[in-house]
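# Analysis of the macromolecular model
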Amino acid sequence: MPWLEGVLAVFVKDWRSEFRTRYALNAALLFAVTTLVVVSFAIGAFGIPGDLLAAFLWVVILFASMAGLGQVFIKEVESRTLTALRLSSKPSGVWAGKFLFNLVLLLGLEVIIVPLFFILLNPRVSSWGGFLAVTILGSVGLAGATTLIAAIIAQAKGKGALLAGLSYPILIPLLAAATSGTRHLFRGDGGAGQEIQILAAYAVVVITAASLLFEFIWNE
Amino acid sequence: MASPNQREVTLCAQALTQRFGPNKIFESLTFEVPKGKGLVVTGPNGSGKTTLLRILSGLLRPTKGEVRLNVDGKIISPEERLRHIGFITPELALYEELTALENLEFFARVRRLKRTKADHLTLLERVGLKERGRDLVGAFSSGMKQRLKLAFAIQHQPEVLLLDEPGSSLDEDGRAIVKGIVSDQKAHGALVVATNDERELACGEEKLALA
């Protein structure tokens with residue numbers, strides 16, 4: 001399929017570039033690991049209740065994604081390669097390739113963040129399947145929304161503040177559902193079925209909206 | 001589909017006007033560049049040469065007027081026009097963290113071209129970079145980067161080639177490569193060159209001087 005080949009080309013190019021520069025990975029990983037370690041030392045032996053642990057986990061994931069995922073389009077602008085990409089690529093292929101890159105990057109970060117979170121803060125989980133579903137679906141929505149907003153703000157001044165400022169209102173439903181689902185799983189007071197449905201619906205809405213809007217954003 | 005050499009190509013600009021805020025860059029530009037011909041755009045810094053080429057490529061929408069690309073009697077939509085254009089400008093850069101070969105492979109894939117490694121090496125040979133294909137572009141001199149940009153612009157045999165200061169940073173060998181590309185382009189399509197370099201004024205039969 002030619003379209004899929006274009007998507008994979010963007011994905012492979014971004015990974016090759018990321019492996020050689022560590023542009024996004026270092027920023028996101030440094031933030032996540034530092035925050036986790038500092039907080040775990042700060043609370044010491046007191047411990048944090050399950051409610052707060054769930055919120056803390058998603059705050060770390062959110063800020064790590066803000067530090068890393070926004071770079072996909074900002075980097076193209078700063079290195080002046082955006083024009084070459086616009087001249088040669090289909091907008092839908094660019095969005096899908098960059099979304100895929102951000103999703104894999106975020107899941108890769110979580111492979112490090114989540115085990116470290118469990119080692120340092122030791123929460124109990126009532127259902128690992130539910131926890132995995134909340135984390136993966138939350139990541140799909142987070143990567144989708146951040147990729148779209150990164151494309152909008154890439155050519156603006158004050159990109160960092162704009163990415164955060166524009167993202168938070170859009171991400172509130174996702175964060176509320178992900179935190180609530182994780183809280184239930186940490187407290188063991190029922191499943192996270194309803195939150196999983198909300199997260200799946202959010203991911204579908206974000207991906208559909210991005211598919212419809214991205215060509216307009218790209219060409220403007 | 002007709003081969004590139006048999007296609008009929010015409011690039012038309014009608015009453016193009018461009019403003020950035022209160023500043024008028026140019027007004028009511030009308031011209032036509034048919035296959036086999038070249039248009040040379042000249043003018044002082046800030047006269048709008050690069051802006052005009054960006055409008056012709058489809059990267060920028062004019063304040064007024066329109067650009068039409070006609071290929072075999074069919075008008076190409078502005079969104080599709082990007083795929084029929086080869087464009088180099090000092091504002092454009094290629095991926096410095098990739099090698100020259102990786103850059104060409106990537107652009108061939110997103111352009112959906114069927115190209116082999118031998119094809120990419122042939123293209124690199126044409127711009128004098130065959131021996132440097134496996135080097136990172138970040139390690140290239142400005143002249144070598146300009147040569148690679150030329151390869152990027154002609155990789156898909158575009159119907160229209162837009163060259164903004166094509167000879168900048170190039171040595172005499174590089175300028176001879178540009179001359180060859182200009183000549184080949186006119187054999188199968190249209191050409192627009194923006195320059196103030198006297199050596200490049202002969203690239204086109206028509207001249208357009210922006211004030």
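Quick summary incoming for the structure in this document. Predicted model only: the values in this text are computed from it and were never measured.

### Considering the sheet that holds strand 5 (residues 74–76) of chain B
Residue and element names in this part refer to chain B. Reading across the sheet, the 4 strands line up as 2-1-4-5 and stay open at both edges, with antiparallel pairing between neighbours. Either end of the sheet is taken by a strand with one partner, and the two such strands are strand 2 (23–34) and strand 5. When the angles between neighbouring strand axes are averaged without regard to direction, this sheet yields 25 degrees. As paired strands, strand 4 (residues 64–71) and strand 5 are joined by 3 bridges and run antiparallel to one another. Looking across to strand 5, one finds that Val71 is bridged to Lys74.

### Some words on the packing of helix 1 (residues 2–21) of chain A against helix 6 (residues 91–121) of chain A
Residues and elements named next belong to chain A. Between helix 1 and helix 6, whose axes approach to 8 Å, the crossing angle comes to 45 degrees. For the element pair helix 1 / helix 6, the angle class is oblique. Considering only the axes of helix 1 and helix 6, their crossing is right-handed. For the pair formed by helix 1 and helix 6, the contact residues are Trp3, Gly6, Val7, Ala9, Val10, Phe11, Asp14 and Trp15 on the first element and Gly93, Val94, Ala96, Gly97, Lys98, Leu100 and Phe101 on the second. Taken together, the residues that form the contact of helix 1 with helix 6 break down as 10 nonpolar, 3 polar and 2 charged.

### Here's the deal with the interface of chain A and chain B
Taken residue by residue, the interface counts 21 residues in chain A and 22 residues in chain B. Sorting the residues of the side of chain A that touches chain B by element identifies helix 1 and helix 5 (82–88) of chain A as the ones contributing at least two each. The element best represented in the side of chain A that touches chain B is helix 1 of chain A, accounting for 10 residues. Split into classes, the residues belonging to the side of chain A that touches chain B amount to 5 nonpolar, 10 polar and 6 charged.

### Side note on helix 3 (residues 100–110) of chain B
Of all 11 residues making up helix 3 of chain B, 9 are buried, and the element is well covered by its neighbours. By the burial criterion, the buried members of helix 3 of chain B are B:Ala100, B:Glu102, B:Asn103, B:Leu104, B:Phe106, B:Phe107, B:Ala108, B:Arg109 and B:Val110.

### What about unusual backbone geometry?
The phi torsion at A:Asn122 lies on the positive side, around 50 degrees, for a residue other than glycine. Residue placement: A:Asn122 occurs in the loop between helix 6 and helix 7 (128–153). The class of A:Asn122 is exposed, set by 11 C-beta atoms lying within 10 Å. Even without being a glycine, B:Gln157 presents a positive backbone phi close to 45 degrees. On the secondary structure map, B:Gln157 appears in the loop between helix 5 (142–154) and strand 7 (160–164). With 16 C-beta atoms counted inside 10 Å, the residue B:Gln157 sits in the partly exposed group.

### Quick word on the environment of B:Val71
All names here are of chain B. With respect to the element layout, Val71 can be found in strand 4. Sequence separation of Val71 and Lys35 is 36 residues, and the distance between their C-alpha atoms is 9.8 Å. Sequence-distant contacts of Val71, defined by excluding residues within four places in its chain, comprise Arg7, Val9, Ile76, His84 and Glu159.

### Here we look at the environment of A:Thr135
Residues and elements named next belong to chain A. Note that Thr135 resides in helix 7. For Thr135 and Tyr168, which are 33 residues apart along the polypeptide, the C-alpha to C-alpha distance reads 18 Å. Contact partners of Thr135, with chain neighbours within four places excluded, come to Glu110 and Val114.

### Some details on the sheet that holds strand 8 (residues 190–194) of chain B
Residue and element names in this part refer to chain B. Taken together, 5 strands build an open sheet; the order of strands is 6-7-8-3-9 and the sheet is parallel. At either end of the open sheet lies a strand with only one pairing partner, and these are strand 6 (85–88) and strand 9 (206–209). On average, each strand axis in the sheet is inclined to that of its neighbour by 15 degrees, with strand direction left out of account. Taken together, the 4 bridges between strand 6 and strand 7 define a ladder with parallel strand orientation. If you follow Gly86 over to strand 7, its bridge partner there is Leu161. Packing of helix 5 onto the sheet brings it into contact with strand 6 and strand 7, and relative to strand 6 it is tilted by some 165 degrees.

How each quantity is defined
Residues numbered from 1 in each chain as written. Chains lettered and ligands numbered in written order. Predicted model: local features only at pLDDT ≥ 70, side-chain atom pairs only at ≥ 80, totals over all residues. Pairing = 2+ DSSP bridges. Helix = DSSP H or I, 4+ residues; strand = E, 2+ residues; numbered from the N terminus. Axes fitted to C-alpha atoms, helices over the stretch in contact; angles between N-to-C directions. Parallel < 35°, antiparallel > 145°, perpendicular 65-115°, else oblique. Left-handed = near helix turned anticlockwise from the far one by under 90°. Contact = placed C-beta atoms within 7 Å. Nonpolar A, V, L, I, M, F, W, Y, C, P; charged D, E, K, R; others polar. Buried ≥ 20, exposed ≤ 12 C-beta atoms within 10 Å, placed from the backbone.

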